[in-house]
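# Per-entry structural report
Here is what each chain is made of, one letter per residue.
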Amino acid sequence: MASRSRTALAGVGLTAVLSLLAACGTGGDAGADGSGGAVRLTYVSYGGSGQEAQIKAFQEPYTKAHPNVTFVNSSPADVAQVKAQVTSGVVQWDVVSVAPAAATQHCGTLFEKLNLPKLDPADFVEKAIGECYVGNFANATPFAYNADKWPDPEKAPKTIADFFDVAKFPGKRGVITNLQNGILEYPLLAEGVAPDRLYPLDVDRSLRKWATIREHTIFAPNVGALQQAAGSGQVDLFLLSDSRLIALLNEKKNIKIVWDKTVVSVNALAVPLGSKHKAVAEDFLQSLVQPEPVAKITELLGTVPINRNAKPNLTENGKAVEVYGPVNKGETVVQDIDWYAQHWDEVTTKLNNWLVS
């Protein structure tokens with residue numbers, strides 16, 4: 001969405017501001033209070049197949065149940081744009097995709113504190129529900145390898161420590177530089193740090209570990225780039241999100257997953273502070289984390305269901321990457337959202353500086 005910057009918004013005249021506000025939707029919050037007025041929720045995510053899946057799994061069922069509530073979809077989601085809207089007083093978005101750490105960091109200042117009486121935290125995976133966000137799905141980032149290179153399971157990688165052992169397992173490595181894909185957790189886990197003692201993260205130690213295999217590693221900017229590298233054989237061992245591993249398996253690529261220690265991160269939705277449709281947005285958020293839509297998004301994207309009661313009908317390849325399923329004989333490490341919320345900016349800067357040094 002080509003949203004105005006804060007500076008541009010500051011120069012908008014009164015007539016234009018009123019027009020913008022009128023365009024954001026009219027009527028009462030029918031989805032929550034039964035007032036009968038039409039409501040349009042502006043839903044902002046990251047576009048592509050991921051947003052298309054969210055439309056099918058979340059929005060279409062909600063509109064079917066609440067015909068007076070419809071959705072306007074836009075992308076990309078951007079906290080900077082949320083800030084511009086909130087500070088200008090012209091909030092155009094109602095539901096936005098956001099990292100839970102960012103929603104927590106700006107809880108009550110950029111994002112609404114949520115009232116979610118229909119949700120029982122016991123039904124959800126750890127960190128799925130926050131004061132200012134609702135997790136829509138989670139991503140696991142397992143360790144996998146090219147089984148054509150190590151066809152004998154007895155001689156193949158078996159632990160995350162093997163990912164960093166270039167003497168025993170020579171070959172090119174691949175990792176995504178996004179903090180939510182475990183780039184800082186995996187080196188520490190490989191060195192024997194217990195999952196329950198990871199936080200606060202020793203970022204310097206983590207980067208020192210990466211330095212030992214830097215020349216053997218492709219640091220991919222996104223999941224698509226690493227998926228392509230893994231599919232074409234440019235990397236032999238890789239840390240790649242579950243949905244992209246399914247894609248490789250569907251393409252008949254001969255890859256195997258190492259279930260040792262696996263990092264999981266929650267993806268979330270939040271309501272920008274000042275949304276005129278907060279009550280409807282809250283009702284919508286509570287609806288999309290019920291077992292049926294959670295199962296649907298899991299089936300469409302191959303992600304981790306955040307509701308423990310969801311029963312997705314998984315394909316065989318879906319079951320092969322099911323981090324909370326019987327295939328995972330190892331340990332699952334859920335990222336500490338609260339720690340990241342306090343350190344996101346400094347850690348991002350440190351990682352980026354190391355990558356370009």
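All values reported here derive from a predicted model rather than from experimental measurement.

## A look at the packing of helix α4 (residues 48-65) against helix α13 (residues 291-301)
A pair of packed helices is captured by two measures, namely the crossing angle of their axes and the spacing between those axes. Running from N to C, α4 and α13 cross one another at 150 degrees; their axes reach a closest spacing of 9 Å. By the angle between their axes, α4 is roughly antiparallel relative to α13. As α4 runs across α13, the sense of the crossing is right-handed. Residue-level contacts link Ser-49, Gly-50, Ala-53, Gln-54, Lys-56, Ala-57 and Phe-58 of α4 to Pro-293, Lys-296, Ile-297, Leu-300 and Leu-301 of α13. Each residue belonging to the contact of α4 with α13 can be placed in one class, and the counts come to 7 nonpolar, 3 polar and 2 charged.

## Here we look at the environment of Ala-77
Along the chain, Ala-77 falls in the loop between β2 (69-74) and α5 (79-88). Taking the C-alpha atoms as reference points, Ala-77 and Ser-45, separated by 32 residues in sequence, lie 4.9 Å from one another. Residues within four places of Ala-77 in sequence aside, it is in contact with Val-44, Ser-45, Tyr-46, Val-96 and Ser-97.

## Describing α4
When the terminal C-alpha atoms of α4 are compared, their 25 Å separation across 18 residues agrees well with the 26 Å that a helix rising 1.5 Å per residue should span. At Ile-55, α4 is bent by approximately 35 degrees, the largest bend along its length. Gln-51, Ala-53, Gln-54, Ala-57, Phe-58, Gln-59 and Tyr-62 are the residues of α4 that are buried.

## Considering the state of the cysteines
Taken as a whole and assessed by the stated rule, the structure comprises 1 disulfide. Shown here is the disulfide that connects Cys-107 with Cys-132, its sulfur atoms set 2.0 Å apart. The chirality of the disulfide connecting Cys-107 with Cys-132 is right-handed, given an S-S dihedral of about 70 degrees. In this pair, Cys-107 sits in the loop between α6 (100-105) and β4 (134-146) while Cys-132 sits in the loop between α6 and β4, placing the two residues 25 residues apart along the sequence. There is no split in this pair, since Cys-107 and Cys-132 are both buried.

## A closer look at the side chain of Asn-139
Inspection of the secondary structure assignment puts Asn-139 in strand β4. Residue class for Asn-139 comes out buried when judged on its relative accessible area of 13%. In terms of polar contacts, Asn-139 uses its side chain to reach the side chain of Asp-242, at 3.1 Å. A polar atom in the side chain of Asn-139 sits 2.9 Å from the side chain of Asn-267. Contacts of Asn-139, omitting those with residues within four sequence positions, involve Ser-241, Asp-242, Ser-243, Val-263, Val-264, Ser-265, Asn-267, Thr-303 and Val-304.

## Thoughts on the nonpolar core
Judged by nonpolar contacts, the single largest core of 57 residues is most densely connected at Phe-111, Phe-163, Leu-184, Leu-201 and Trp-210. Broken down by element, this core gets its largest block of residues, 7 residues, from helix α15 (residues 337-356). Dropping the residues within four chain positions of it, Leu-201 is found in contact with Leu-184, Glu-185, Leu-188, Trp-339 and Tyr-340. Of all hydrophobic cores here, the second largest spans 55 residues; its members include Leu-116, Phe-124, Phe-137 and Ile-246.

## A word on the packing of helix α10 (residues 223-231) against helix α11 (residues 242-250)
Between α10 and α11, the least distance of the axes is 10 Å, while the angle of their chain directions is 30 degrees. Viewed along their axes, α10 and α11 adopt a mutual orientation that is roughly parallel. The two elements α10 and α11 meet at a crossing, and its hand is right-handed. Within the contact between the two elements, α10 uses Val-223, Gly-224, Gln-227, Ala-230 and Gly-231 and α11 uses Arg-244, Ala-247 and Leu-248. Split by residue class, the contact of α10 with α11 holds 4 nonpolar, 3 polar and 1 charged.

## Description of the pattern of salt bridges
Oppositely charged side chains are able to pair whenever their charged atoms sit close together. Under the criterion given, the structure shown has 12 salt bridges. A salt bridge links Lys-209 to Glu-191, with the shortest nitrogen-to-oxygen separation between them at 3.8 Å. Here Lys-209, found in helix α9 (residues 203-211), pairs with Glu-191, found in the loop between α8 (185-190) and α9; they are 18 residues apart in sequence, far enough to count as distant. Take Glu-191: its relative accessible area is 35%, and that puts it in the partly exposed class. Close ionic contact of Lys-261 with Glu-331 constitutes a salt bridge, the shortest N to O distance being 3.8 Å.

## A short note on the pairing of strand β1 (residues 39-44)
Counting buried positions along β1 gives 5 out of 6 residues, so the element sits mostly inside the fold. The handedness of the β1 to β2 crossover, carried by α4, is right-handed. The sheet contact formed by β1 and strand β3 (residues 95-98) spans 2 bridges and is parallel. Considered in β3, the bridge of Val-44 is made with Val-96.

## A few points about the side chain of Arg-173
Topologically, Arg-173 is positioned in strand β5 (residues 173-176). Despite being buried, Arg-173 has no salt bridge partner; Asp-165 is the closest side chain of opposite charge, sitting 6.1 Å away. When residues no more than four places from it in sequence are discounted, the contact partners of Arg-173 are Asp-162, Phe-163, Phe-164, Asp-165, Val-166, Ile-213, His-216, Thr-217, Ile-218, Val-235 and Leu-237.

## Regarding α15
In the structure, α15 departs most strongly from a straight axis at His-343, where the bend amounts to approximately 70 degrees. Every buried residue of α15 is accounted for by Ile-337, Trp-339, Tyr-340, Ala-341, Val-347, Leu-351 and Trp-354. In this fold, the buried residues of α15 make contact with α6, α8, α9, β6 (217-220) and β8 (255-270). The N-capping residue of α15, defined by a side-chain oxygen 3.1 Å from the backbone nitrogen of Asp-338, is Asp-336.

What counts and what doesn't
Residues numbered from 1 in each chain as written. Predicted model: local features only at pLDDT ≥ 70, side-chain atom pairs only at ≥ 80, totals over all residues. Heavy atoms only, no water. Axes fitted to C-alpha atoms, helices over the stretch in contact; angles between N-to-C directions. Helix = DSSP H or I, 4+ residues; strand = E, 2+ residues; numbered from the N terminus. Parallel < 35°, antiparallel > 145°, perpendicular 65-115°, else oblique. Left-handed = near helix turned anticlockwise from the far one by under 90°. Contact = heavy atoms within 4.5 Å. Nonpolar A, V, L, I, M, F, W, Y, C, P; charged D, E, K, R; others polar. Expected span 1.5 Å × (residues − 1). Bend = angle between axes of the 7 residues up to and from the residue. Buried < 20%, exposed > 50% of the residue type's maximum accessible area, 1.4 Å probe, protein only. Disulfide = S-S within 2.5 Å. Polar contact = N/O pair within 3.5 Å; in protein donor to acceptor, adjacent residues only side chain to side chain. Core = buried A, V, L, I, M, F, W, Y, C linked by side-chain atoms within 4.5 Å. Salt bridge = Lys/Arg side-chain N within 4 Å of Asp/Glu carboxyl O. Right-handed = clockwise from strand over helix to strand, strands pointing away. Pairing = 2+ DSSP bridges. Lys, Arg positive; Asp, Glu negative; His and termini not counted.

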